[in-house]
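These are the residues of each chain, in order.
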Amino acid sequence: MKRNMYQWVNEILASPERKALPIVTYPGADLTGGRIIDIVCNGKVQFECIKALSDKYPSAAAITIMDLSAEAETFGSPVKFSDHEAPTVTAPIVTDKAAIEALQVPKAGLMRTEAYLKAAELAAEKITDRPTLGGVIGPFSLAGRLFDVTQIMIAVRRDPEMIHTLMAKCTQYVTEYILEFKKAGANGVVMAEPTAGLLSPAMCKTFAFDYVKQIVDQVQDENFIVVLHNCGHAVKQVPAMVETGSKVLHFGNAVDMMEIMPQIPADVVACGNIDPSNVMRMGSTEMVREKVSELLAKTASYKTFVLSTGCDVPPGSPQANVEEFFSALVDYNRAQATVAKEA
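Reading guide: rules and limits
- Residues numbered from 1 in each chain as written.
- Predicted model: local features only at pLDDT ≥ 70, side-chain atom pairs only at ≥ 80, totals over all residues.
- Heavy atoms only, no water.
- Helix = DSSP H or I, 4+ residues; strand = E, 2+ residues; numbered from the N terminus.
- Rg over C-alpha atoms; globule rule 2.2 N^0.38 Å.
- Buried < 20%, exposed > 50% of the residue type's maximum accessible area, 1.4 Å probe, protein only.
- Areas by Shrake-Rupley, 256 points an atom, 1.4 Å probe, with all protein chains shown as cover.
- Core = buried A, V, L, I, M, F, W, Y, C linked by side-chain atoms within 4.5 Å.
- Contact = heavy atoms within 4.5 Å.
- Polar contact = N/O pair within 3.5 Å; in protein donor to acceptor, adjacent residues only side chain to side chain.
- Phe/Tyr/Trp six-rings, centres within 6.5 Å; stacked < 30°, edge-to-face > 60°.
- Lys NZ or Arg CZ within 6 Å of the ring centre and 35° of its normal.
- Pairing = 2+ DSSP bridges.
- Right-handed = clockwise from strand over helix to strand, strands pointing away.
- Salt bridge = Lys/Arg side-chain N within 4 Å of Asp/Glu carboxyl O.
- Disulfide = S-S within 2.5 Å.

A. Up close: the overall build of the protein. Across its full length, the protein holds 16 helices and 9 strands. What you see for the protein is a C-alpha radius of gyration of 19 Å, in line with the 20 Å of a compact globule of 343 residues. Taking the principal axes of its C-alpha atoms as reference, the protein extends roughly 70 × 40 × 40 Å. Across the 343 residues of the protein, 57% fall into the buried class. In the form shown here, the protein has an accessible surface area of approximately 13,700 Å², with 51% of it arising from carbon and sulfur atoms.

B. Fine view of the nonpolar core. The biggest cluster of nonpolar side chains holds 112 residues, and the ones touching the most others in it are Trp8, Phe251 and Leu307. With residues up to four places along the chain from it excluded, the contact list for Leu307 reads Lys19, Ala20, Leu21, Pro22, Gly272, Ile274, Val292, Leu295, Leu296, Phe325 and Leu329. In this structure, Ala62, Ala119, Ala123 and Ile127 belong to the second largest nonpolar core, which totals 7 residues.

C. Broad picture of the side chain of Glu73. Along the chain, Glu73 falls in helix α5 (residues 70-75). There is a polar contact of 2.6 Å between the side chain of Glu73 and the side chain of Arg112. Residues in contact with Glu73, not counting those within four places in the same chain, are Val79, Phe81, Met111 and Arg112.

D. Summary view of the packing of aromatic side chains. Inspection of every chain in the model, using the stated rule, returns 5 aromatic pairs. Arranged with centres 5.2 Å apart and planes meeting at 65 degrees, the rings of Phe75 and Tyr173 form a pair that is edge-to-face. Of this pair, Phe75 sits in helix α5 while Tyr173 sits in helix α10 (residues 160-184), and the two are 98 residues apart along the sequence. For the ring pair Tyr177 and Phe181, a centre distance of 4.9 Å and an interplane angle of 55 degrees mean the geometry is tilted. Note that Tyr177 and Phe181 are positioned in helix α10 at a spacing of 4 residues, about one turn of the helix. Grouping residues by exposure puts Tyr177 and Phe181 together as buried. Ring pairs connect the aromatic residues Phe75, Tyr173, Tyr177 and Phe181, which therefore count as one cluster. The ring of Tyr6 has Lys247 sitting right over it, with the charged end atom 5.0 Å from the ring centre.

E. Main features of the pairing of strand β9 (residues 305-309). The element β9 is largely enclosed, with a buried count of 5 among its 5 residues. Of the two faces of β9, the one lined by Phe305, Leu307 and Thr309 and the one lined by Val306 and Ser308 are each fully buried.

F. Structural view of the sheet that holds strand β1 (residues 62-63). Strand order in the open sheet formed by 7 strands is β1-β4-β5-β6-β7-β8-β9, with parallel pairing between adjacent strands. Single-partner strands in this sheet number two, and they are β1 and β9.

G. Broad picture of the pairing of strand β7 (residues 248-251). The side-chain alternation of β7 yields two buried faces, one formed by Val248 and His250 and the other by Leu249 and Phe251. Examined bridge by bridge, strand β6 (residues 225-230) and β7 share 4 bridges and lie parallel to one another. Across the sheet, residue Leu228 finds its bridge partner in β7, namely Leu249. Once the chain exits β6 it traverses helix α12 (residues 238-243) before rejoining the sheet at β7, and the crossover so formed is right-handed. In this sheet, strand β8 (residues 269-274) lies alongside β7 in parallel orientation, the contact comprising 3 bridges. Its bridge partner being in β8, His250 is matched across the sheet by Cys271.

H. How the structure looks around the pattern of salt bridges. For the coordinates displayed, the defined rule picks out 19 salt bridges. One salt bridge connects Lys126 with Glu125, and the closest N-O pair in it is separated by 3.6 Å. Note on Lys126: relative accessible area 45%, which makes it partly exposed. Members of the salt-bridge network, linked through shared partners, are Arg289, Glu324, Asp331 and Arg334.

I. The state of the cysteines, seen in detail. Here the structure, examined in full by the defined rule, presents 0 disulfides. Looking at Cys49, it has no disulfide partner, and the nearest cysteine sulfur is the one in Cys41, 13 Å off. Here Cys204 is not cross-linked by a disulfide; its sulfur's nearest cysteine counterpart is in Cys231, at 12 Å. For Cys204, a relative accessible area of 1% corresponds to the buried category.

J. View of unusual backbone geometry. Between Gly272 and the following residue, Asn273, the backbone shows a cis peptide bond with an omega angle of -25 degrees. Summarising the element assignment, Asn273 is placed in strand β8. Phi at Asp148 is positive, roughly 100 degrees, even though this residue is not glycine. Mapped onto the fold, Asp148 is located in the loop between α8 (139-147) and α9 (149-158). The exposure class of Asp148 is partly exposed, given its relative accessible area of 28%.

What follows is the structure, given as structure tokens:
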């Protein structure tokens, strides 16, 4: 469904109520009975999870699964699958300059990425009360999976030109893949750049966010936005993230949002950052409520803040914790409305 996403951002910024945009798709399996292996391979099964969550919870957008293996798999990376965990890349496929130069950029939409495009297409068609956002990997994180995360951290210093060659190919692929989401009817994408969070601020700008900016410049417009996710130690990386032009920035639980929010421009949304593992997956409902309430209270003065999880909520997370996440938000908004009315 086509919608003005700049207006959607402005409505969030102007809302007297706090909104929520958690990255929570895997727990939809509990609502549909779907298996993880089917959700990440079958677009219709994944859509059913997205639809079930959208019917149950007032998230600001519907989001396809954050899968950091699907794009690398189209390049030829080996991937491990499980019925209990998200799929993961198990080995690099390029290890030197010659291999990088010989690497072919695959056509977007092949193999399992077709399932993600199908899930987004169905969500955009069937879920009409909120935007649909596709999940994609960022170019540096993709490069890290093709080359190996540890090795790329060394190579950016020892042979930067080699990594720039790889980054150009990853950027081309990610751009083309995002454009396929656009064609499918999605209203934007959540671009996950977790590996960028391992870099120094200067390196991060040079090897990650300058390339992200190239992508944003090509795909973002009033009907389609980029949500940039960085779950690393991103406090000093915020300026480079802002410079990408992404309309929404998303932060992980490695940072204190109170160090992030003062750096966010008034026309950009910043999301974060309840711990998806220790709180949403392993914590009690009481802990979920405590952490959500605490974060909302701390960020109360920032209109640019949107409540979220720090990253994708993993498979096996209790449905009760997802319910408590939203319940705590509803109770907070109700209490704030009462205070405002009495003032």
